[in-house]
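Take a look at the letters that make up each chain.
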Amino acid sequence: MNEDGAWAMFLPGLPLAAEGTTLEEATLDLIDALREYAEDWEDHLTHGTKPPGQLGPGATYSLVH
């Protein structure tokens, strides 16, 4: 969405947002945010820790190798 001359992007259901002065800049920012999010998930899955903002307090899950 374009607000006050700046572009803002988000993905419903994910804790991601991006912004830029152009649509292309906002898109690249969102791609960077997605990469960081995927890296965090990979780290949490590799080490078996609960991803931030996912699952409630005391929730448990197992890893499948």
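Summarised in this report is the structure supplied together with it. (Residues numbered from 1 in each chain as written. Predicted model: local features only at pLDDT ≥ 70, side-chain atom pairs only at ≥ 80, totals over all residues. Heavy atoms only, no water.)

**A few points about the overall build of the chain**
Put simply, the rule is: Put simply, DSSP marks the helices as runs of H or I at least four residues long and the strands as runs of E at least two long, and each gets a number from the N terminus on. To sort residues, take the accessible area from a 1.4 Å probe on protein chains only and compare it with the maximum for the residue type: under 20% means buried, over 50% means exposed, and anything in between is partly exposed. A contact between two residues is defined here by any heavy atoms of the two lying within 4.5 Å. Method for areas: the Shrake-Rupley scheme with a 1.4 Å probe, in which residue coverage is limited to the protein chains shown.
Assigned secondary structure in the chain consists of one helix and three strands. In the chain, the succession of helices and strands from N to C terminus is β-β-β-α. Per-residue burial for the chain yields a buried fraction of 14% across its 65 residues. Across the chain, contacts joining residues at least 24 apart in sequence account for 0% of those joining residues at least 6 apart. Surface accessibility of the chain: about 5,100 Å² in total, with carbon and sulfur atoms responsible for 57%.

**Regarding the nonpolar core**
Heads up, the condition is: What is meant by a nonpolar core is a set of buried Ala, Val, Leu, Ile, Met, Phe, Trp, Tyr and Cys residues, joined one to another through side-chain atoms within 4.5 Å.
By size, the foremost hydrophobic cluster in this structure holds five residues: Leu 16, Ala 18, Leu 30, Ala 33 and Tyr 37. With three residues, the single largest contributor to this core is helix H1 (residues 23-47). Here Leu 30 is in contact with Met 9, Leu 11, Leu 16 and Ala 18, once residues within four sequence places are set aside.

**Quick word on the sheet that holds strand S2 (residues 6-10)**
Two modes of strand pairing occur in sheets, parallel and antiparallel, and in both the strands are linked by backbone hydrogen bonds. Let me state the cut-off plainly: The pairing criterion is simple: DSSP has to find at least two bridges between the two strands.
Taken together, three strands build an open sheet; the order of strands is S1-S2-S3 and the sheet is antiparallel. Single-partner strands in this sheet number two, and they are strand S1 (2-3) and strand S3 (17-20). Note: S2 against S3, four bridges, orientation antiparallel. Bridged to Phe 10 within S3 is Ala 17.

**Points about the pattern of salt bridges**
A side chain with one charge may pair with a side chain of the opposite charge, provided their charged atoms come close. How we decide: Only one rule defines a salt bridge in this text: a Lys or Arg side-chain nitrogen within 4 Å of an Asp or Glu carboxyl oxygen.
Taken as a whole, this structure holds one salt bridge when the rule is applied. Residue Asp 32 is joined to Arg 35 by a salt bridge in which the shortest nitrogen-to-oxygen separation is 3.9 Å. Remark: Arg 35 and Asp 32 occur in helix H1; sequence separation between them is three residues, near one turn of the helix. Using a relative accessible area of 39% as the deciding quantity, one classes Asp 32 as partly exposed.

**Brief notes about the pairing of S2**
Pairing geometry for S1 and S2, over two bridges, is antiparallel. Bridged to Asn 2 within S2 is Trp 7. Taking the residues that link successive antiparallel strands as the turn, the S1-S2 hairpin has two residues, and the phi of Asp 4 there is positive, at about 50 degrees. Taking the residues between adjacent antiparallel strands as the criterion, S2 and S3 are bridged by six residues, where Gly 13 takes a positive phi near 90 degrees.

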